[in-house]
Amino acid sequence: MKTLAVIGLGYVGLPLAVEFGKKRKVIGFEINQARVEELEGGHDSTLETSDEDLAAAKHLTFTTNIDDLRHAQIFIVAVPTPTDKNNRPDLTPLISASTTVGKVIKKGDIVIYESTVYPGATEEDCVPVIEKVSGKKMNRDFFVGYSPERINPGDKVNTLTTIKKVTSGSTPEIGKEVDALYNEIITAGTHLASSIKVAEASKIIENSQRDINIAFVNELAKIFNLMKIDTLEVLEAAGTKWNFLPFRPGMVGGHCIGVDPFYLAQKAQEVGYHPEIILAGRRLNDSMGAYVATEVVKLMVKAGKPVKNAKALLLGITFKENCPDIRNTRTIDVYHELKDFSMDVDVYDPWASYEHVKDEFGIDMINEITDFENYGCVILAVSHNQFKHIDYAKFKNAGSIIYDVKSILPKEIIDARL
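So, a few notes on the structure that sits alongside this text. Since we're looking at a predicted model, the values are computed, not measured.

## Here's the deal with empty space enclosed by the protein
No. 1: Tallied over the full model, the rule gives 1 cavity of 30 Å³ or more.
No. 2: Split by residue class, the lining of the largest cavity holds 3 nonpolar, no polar and 3 charged.

Listed below in C-alpha cells is the structure:
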C-alpha cells in the first residue's frame, strides 16, 4: 500500500490522517512544532479527534521535517483557504503547501487537494507551482486529485467517515484510484465527479447555498421583528410542510460558510459576471452582529436602563456551538458594537481557549459567572450545551435584559430572540 502524507493537521487534515493511519502508513506534516508535539503526546486541542482515535492510528507519525515527505507516494493537502481584509481569496497557505509538495514529489506520485477553492484553482493556481518547483509535468510525471473536505467542526454525529465524499482526478484512471483510496475509510461511500473543476464547484456551492438560505431567514427575522411577530414560531409553523427548508436565523462565521462564497464571487467576477444574490447574502449575514447589539440597546432604553457604562454579559465567543473554534466568529461583532455603545462587556465561553481569545481579540474572558445581579443585559450568542443549564431566572429577577440569539431558551424567561 502506498504511503500517504497529509499536509496540514487542523480540523480537516488530522481526522484524515488518523483514519488512514489506522489502515496504512501515514506521515502527518505540520509547520507548527507545538502542534506536532501536542499530537505526539496523544491529544488534539481542536477536539475533532479523540485521544482514543489518535492512539488507534498505529501507522501515523508526525513531523515538521520536509525531508520525511519524500517517503510518501500520495500527498493530501488540507490547509486553510481564508480571505484577506478585503474579503478576497488568500491562497497563500495553498501556494505554500504546493511549494512544499513540489520540493519532494517523485515520478508517479499523486497530489490530492481537500481545501475549499473556486473552480479551476487546483489546476490553474496550485499545479503550476508544483511544476515550477519540481520541474515535472502534471499527467506525465505526477497526477492530481481533488476531494473537497466536508468536516463539520464540533459535530460528533456527521463525522468524516459518515459523510459521502466527492472525489476526482486529473485523468479518468487517477480519478478511480483517488476514489478507491477514500473508499478505504468513508463508510458512507463516494461520488466520483467527472472532473476536478466539477468537484471544486460542488464544494463551493454547498456552503454558498447554506449562506444564502441563512441570509433569507435573517432578513425574515428583521422583518418580523418590526411586525412584532415571533420568527421562530413562524418557522415552526412553516416547517410543518414536507419541503420547507429548516434554516434558522443567526450569525454566520467560521472557516467555511462565512468565507467560501467570496471565493465563488471572485471567480465569477474574473469571468465577467457580477454575482448579486451571493454577495447580498454575505452583506446581510455580516450585518447581524451589529443588528443584535442594536436590538439589545433598544430593549434597554425602552426598559429605562442606562446604556453607557452598563455591564453586559456575552455568552459565547466561538463561531458555533460545542466547538472551540474561534476562526472568523461573528460573535465578536456583537462585542465590538456593545463596546461602541460604551458598555462594559464580559465574555464567558467554557469551550474557547482563554489564551487564544486573548491573542486573537485582546479579550480577557471570565472563567465563571459569579455575578447575577449587575448585568444590564445578557446575550446568549452561541448555543453551547452548558448555556442551557444556566439559571437565567437570577438574571431576570435582577432586571437584566435577556436576548436569545439562538432561540434555545424558554420564551417566558427572555425579553427577545432573533
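## Here we look at the layout of surface pockets
No. 1: Taken as a whole, the second largest pocket holds about 1,100 Å³ of empty space.
No. 2: Taken together, 38 residues make up the lining of the second largest pocket; nearest its centre are Asn152, Arg210, Ile214, Ile257 and Lys320.
No. 3: Considering every element that reaches the lining of the second largest pocket, the biggest residue donor is helix α7 (residues 196-226), with 5 residues.
No. 4: By residue class, the composition of the lining of the second largest pocket is 16 nonpolar, 12 polar and 10 charged.

## Here's the deal with the pattern of salt bridges
Two side chains with opposite charge may pair up if their charged atoms get near one another.
No. 1: Under the definition given, this model contains 29 salt bridges.
No. 2: Among the salt bridges present, the one from Arg35 reaches Asp44, with a minimum N-O distance of 2.9 Å.
No. 3: Residue classification places Arg35 among the buried positions, given a relative accessible area of 10%.
No. 4: Residues participating in the shared-partner salt-bridge network are Glu124, Lys197, Lys267 and Glu270.

## Quick look at the packing of aromatic side chains
No. 1: All told, the structure shown has 6 aromatic pairs when counted by the stated rule.
No. 2: Between Phe372 and Phe395 the ring centres are 4.9 Å apart and the planes differ by 35 degrees, which places this aromatic pair in the tilted class. Residue Phe372 is found in the loop between α13 (354-361) and β11 (377-380), and its partner Phe395 is found in helix α14 (residues 392-397); the two are separated by 23 residues along the sequence.
No. 3: On the numbers, 6.3 Å between centres and 50 degrees between planes, the contact of Tyr392 with Phe395 is tilted. Of the two residues, Tyr392 and Phe395 are both situated in helix α14; the distance of 3 residues between them amounts to about one turn of the helix. Of the two residues, Tyr392 and Phe395, neither departs from the other in class, the shared state being buried.
No. 4: Grouped by ring-pair contacts, the aromatic residues Phe372, Tyr375, Tyr392 and Phe395 constitute a single cluster.
No. 5: In this structure, Lys241 packs its charged tip against the face of Trp242, placed 5.4 Å from the ring centre.
No. 6: Above the plane of the ring of Phe372 lies Lys394, whose end atom (NZ or CZ) is 4.8 Å from the centre.

## Description of the packing of α7 against helix α9 (residues 260-270)
No. 1: For the pair α7 and α9, interaxial distance at closest approach is 8 Å and the crossing angle is 115 degrees. The orientation of α7 with respect to α9, classified from their angle, is roughly perpendicular. As for the relative orientation of α7 and α9, their crossing is left-handed in sense. Touching Lys203, Ile204, Ile205, Asn207, Ser208 and Asp211 of α7 are Asp260, Pro261, Tyr263 and Leu264, all from α9.

## Remarks on the sheet that holds strand β13 (residues 416-417)
No. 1: Reading across the sheet, the 5 strands line up as β10-β9-β11-β12-β13 and stay open at both edges, with parallel pairing between neighbours. Edge positions in the sheet fall to β10 (344-348) and β13, since each of these pairs with one other strand and no more.
No. 2: In this structure, strand β12 (residues 401-404) lies alongside β13, joined through 2 bridges in parallel fashion. Each bridged residue has a counterpart across the sheet, and for Asp404 the counterpart in β13 is Arg417.
No. 3: Seen against the sheet, helix α11 (residues 288-302) touches β11, β12 and β13 and runs at an angle of roughly 150 degrees to β12.

What counts and what doesn't
- Residues numbered from 1 in each chain as written.
- Predicted model: local features only at pLDDT ≥ 70, side-chain atom pairs only at ≥ 80, totals over all residues.
- Heavy atoms only, no water.
- 1 Å grid on protein atoms, 1.4 Å probe; cavity = no way out; pocket = protein on both sides within 12 Å on 5 of 7 lines; lining within 4 Å.
- Points joined across faces, edges and corners; volume = space filled by probe spheres on them.
- Nonpolar A, V, L, I, M, F, W, Y, C, P; charged D, E, K, R; others polar.
- Helix = DSSP H or I, 4+ residues; strand = E, 2+ residues; numbered from the N terminus.
- Salt bridge = Lys/Arg side-chain N within 4 Å of Asp/Glu carboxyl O.
- Buried < 20%, exposed > 50% of the residue type's maximum accessible area, 1.4 Å probe, protein only.
- Phe/Tyr/Trp six-rings, centres within 6.5 Å; stacked < 30°, edge-to-face > 60°.
- Lys NZ or Arg CZ within 6 Å of the ring centre and 35° of its normal.
- Axes fitted to C-alpha atoms, helices over the stretch in contact; angles between N-to-C directions.
- Parallel < 35°, antiparallel > 145°, perpendicular 65-115°, else oblique.
- Left-handed = near helix turned anticlockwise from the far one by under 90°.
- Contact = heavy atoms within 4.5 Å.
- Pairing = 2+ DSSP bridges.

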